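Per-entry structural report
Letter by letter, the chains look like this.
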Amino acid sequence: MFEEIIEFIKSLYPNQNPVPLHAPVFLGKEKEYLLDCIDSTYVSYVGKYVNRFEKMTAEYTDAKYAIAVVNGTVALQIALQLAGVKYGEEVITQPLTFVATPNAISHCGAKPVFIDVDLDTLGMSPEKLEDWLKKNTKYNQSTKRTINQSTNHSVSAIVPMHTFGFPCRIDGIVEVANKYNIPVIEDAAESLGSFYKGKHTGNFGLAGILSYNGNKTITTGGGGMIITDDEQLAVKAKHITTTAKIPHPYEFVHDEVAYNYRMPNINAAIGVSQMENIDLIINNKRETALLYKEFFSNRDIEFIFENQYSKANYWLNSILLKDYSLRNKFLIFANSNNVQCRPAWVLMTKLKMFSDCIKGDIFNALQLEERLINLPSSLRVPNH
Ligand SMILES: *Cc1c(COP(=O)(O)O)cnc(C)c1O
């Protein structure tokens, strides 16, 4: 059976050896825009591409504001800080995520709390979130804050993540969060082009973040974006990611300690070109997912598919094998046959820097970790 799967994947990517898990593809005007940056000398802070990239992203995601930064990790850190997360507080996220999520929480001086995911969406479970909040927190009426009773710290944000591009039950999560007056910041780093109930992921809470790392759905080399409908948050995000400089033709006056997180013009130039092809990119990835779905449905292997409320970008196509030993056998077979497949991340709760963090039951995350495999998912384009 393994041979058959590998042959099928190779037939999807006939010109690639090894077949990468997810490689960037430059189909548009990337070179032209990069040359334009170099010819004009606007490669860094100043230049037209950053604004253009932000505008295109806001339009595509239907967010009112988009703020480009140097990567997704700092986008999340800044969004959390602007949501009011402070040193010593607690931020709820999920154990099945990339390390950037709890890292960004830690960069704010906060502690992650890990709540389980749903088996079908791979994202945070609204029921388990509510159950944990009910059992472990009390609401302080005068400060209007939710306090973890075992630590006496505020639970100051919730960060669900749309795993591999599959939207989680984000409306349910926001509903629970609103009951407890906790802001939601969506980690939509993997879900550009994924929609839930017709709305782009990252747009359901106070703010969301995107990533343009080299292996993501689109890339800027490295980069990130904060998206939000909140004007005050947007203005503040732009200000503190650009050294808090007060606009002036030649004076340098800054009004707070801030960051140099602005996305350089050359990165944004690549982003503009990638966004010009976003519909083609998402459609291409969704077609590949359908081919995988059909292949696996005839072979009694569970292929993760979007649910009725979701339109997923299929950033990384994923299957669930029967158990851990089969998963490992497949990983060895695939990789030794030049097809790059990989397991889910080791759960955050098992990493030494987060092993002492508070967690709810993580039964589903443990199951997924043991059985899940990501399959090659790059764009399929002739001559690539
Ligand atoms: C990629 C990613 C990020 C951001 O990563 P950067 O490499 O800093 O752009 C954040 N969260 C998740 C879940 C990711 O996959």
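Conventions adopted
- Note that residues are indexed from 1 along each chain, following the sequence as it is written.
- Confidence filtering applies because this is a predicted model: local features only for residues at pLDDT of at least 70, side-chain atom pairs given and counted only at 80 or more, and all residues used for totals across whole chains, interfaces and linings.
- The side-chain values count all of the structure's non-hydrogen atoms but skip hydrogen atoms and water molecules.
- Put simply, DSSP marks the helices as runs of H or I at least four residues long and the strands as runs of E at least two long, and each gets a number from the N terminus on.
- Exposed residues in this analysis have more than 50% of their type's maximum accessible area, buried residues have under 20%, and partly exposed residues fall in between, with area computed by a 1.4 Å probe over protein chains only.
- Basic side-chain nitrogens of Lys or Arg form a salt bridge, by our definition, when they fall within 4 Å of a carboxyl oxygen of Asp or Glu.
- An automatic or database domain assignment supplies the residue ranges for each domain.
- A contact between two residues is defined here by any heavy atoms of the two lying within 4.5 Å.
- Once two parts are brought into contact, the accessible area they lose, counted with a 1.4 Å probe and summed over both, makes up the buried area.
- The term polar contact refers here to a pair of N or O atoms within 3.5 Å; inside protein, the definition further demands a hydrogen-donor-capable atom paired with an acceptor-capable atom, and it admits residues adjacent in sequence only when both atoms are side-chain atoms.

**Overview of unusual backbone geometry**
Going from Asn-17 to Pro-18, the amide bond is cis rather than trans, its omega being 0 degrees. As for its placement among the helices and strands, Pro-18 is situated in the loop between helix H1 (2-12) and helix H2 (30-40). Here the phi dihedral of Asn-152 falls at roughly 70 degrees; this positive angle occurs in a residue that is not glycine. Looking at where Asn-152 falls in the secondary structure, it is placed in the loop between strand S5 (145-148) and strand S6 (155-158). Positioned with a positive phi, Asp-300 is a non-glycine residue whose angle comes to about 60 degrees. Residue placement: Asp-300 occurs in the loop between helix H10 (278-297) and strand S12 (302-303). Since its relative accessible area comes to 66%, Asp-300 is described here as exposed.

**Quick look at the pattern of salt bridges**
Close approach of charged atoms allows side chains with opposite charge to pair. According to the stated counting rule, one finds 18 salt bridges in the structure shown. For the salt bridge of Glu-59 with Lys-55, the shortest nitrogen-to-oxygen distance reads 3.5 Å. Taken together, the residues span about one helical turn, with Glu-59 and Lys-55 both in helix H3 (residues 48-61) at a distance of four residues. Just as Glu-59 is exposed, Lys-55 falls in that class too. Among the salt bridges present, the one from Lys-350 reaches Glu-369, with a minimum N-O distance of 2.7 Å. On the criterion of sequence distance, the pair formed by Lys-350 in the loop between strand S15 (342-343) and helix H12 (363-371) and Glu-369 in helix H12 is long-range, its members being 19 residues apart. Relative accessible area serves as the criterion here: at 47%, Lys-350 is assigned to the partly exposed category. What you see here is one network of salt bridges that share partners, running through Asp-116, Lys-128 and Asp-361.

**Remarks on the domain arrangement of the protein**
In terms of domains, the protein is made up of domain 1 (2-26 + 278-375) and domain 2 (30-276). Measuring from the centre of the C-alpha atoms in domain 1 to the corresponding centre in domain 2 gives 25 Å. Each partner contributes to the interface: domain 1 provides 44 residues, whereas domain 2 provides 54 residues. In this assembly, domain 1 packs against domain 2 so that about 4,000 Å² is buried in total across both faces, 65% of it on carbon and sulfur atoms. Sorting the residues of domain 1 by area buried against domain 2 places Ile-278, Trp-315 and Trp-345 first, and these three jointly supply 19% of that buried surface. The interface formed by domain 1 and domain 2 includes two salt bridges. The salt bridge partner of Lys-111 is Asp-356, with a shortest N-O separation of 3.4 Å. At the boundary of domain 1 and domain 2, one finds 22 residue pairs in polar contact (both at pLDDT 80 or more).

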